[in-house]
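Residue strings, one per chain:
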Amino acid sequence: MILDEVMMCQKVDYIHQNPVKRGFIDEVTHWRYSSARSYASLLGLTDVCINWNQ
C-alpha cells in the first residue's frame with residue numbers, strides 16, 4: 001500500500017533504477033520505455049502524469 005507522496009516517489013525511483021541495476025543502460029532516461037524520461041522533462045513514448053495531486 002502506498003501511503004503518501006514520499007513512498008510513491010520511492011517506488012517510482014525503484015522502478016526507474018531497475019534497468020540501470022541490470023546493466024542494460026547507464027542512465028534512467030536512456031531506457032526508451034521508461035517514464036523516467038517524462039520526469040526529466042524529455043519526450044517519452046506515452047503521456048505520463050507526474051503530479052499525483054491533480
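It should be noted that the structure appears before, not after, this text.
Residues numbered from 1 in each chain as written. Predicted model: local features only at pLDDT ≥ 70, side-chain atom pairs only at ≥ 80, totals over all residues. Heavy atoms only, no water.

Novice: Pulling in residues and values, what's your account of the overall build of the chain?
Specialist: When its secondary structure is counted, the chain shows two helices and zero strands. Each principal axis of the C-alpha distribution contributes one length, and for the chain these read about 30 × 20 × 15 Å. Buried positions account for 15% of the 54 residues belonging to the chain. In the chain, the share of contacts with a sequence separation of at least 24, taken over all contacts with a separation of at least 6, comes to 14%. Accessible surface, the chain as shown: approximately 4,600 Å² in total, 53% of it carbon and sulfur. A distance of 10 Å separates the average location of the 5 positive side-chain charges in the chain from that of its 6 negative side-chain charges. (Helix = DSSP H or I, 4+ residues; strand = E, 2+ residues; numbered from the N terminus. Buried < 20%, exposed > 50% of the residue type's maximum accessible area, 1.4 Å probe, protein only. Contact = heavy atoms within 4.5 Å. Areas by Shrake-Rupley, 256 points an atom, 1.4 Å probe, with all protein chains shown as cover. Lys, Arg positive; Asp, Glu negative; His and termini not counted. Charge placed at Lys NZ, Arg CZ, Asp CG, Glu CD.)

Novice: Report on the side chain of Ser38, specifying residues and quantitative values.
Specialist: With respect to the secondary-structure elements, Ser38 resides in helix H2 (residues 36–39). The contact partners of Ser38, leaving out residues within four places of it in the chain, are Thr46, Val48 and Ile50.

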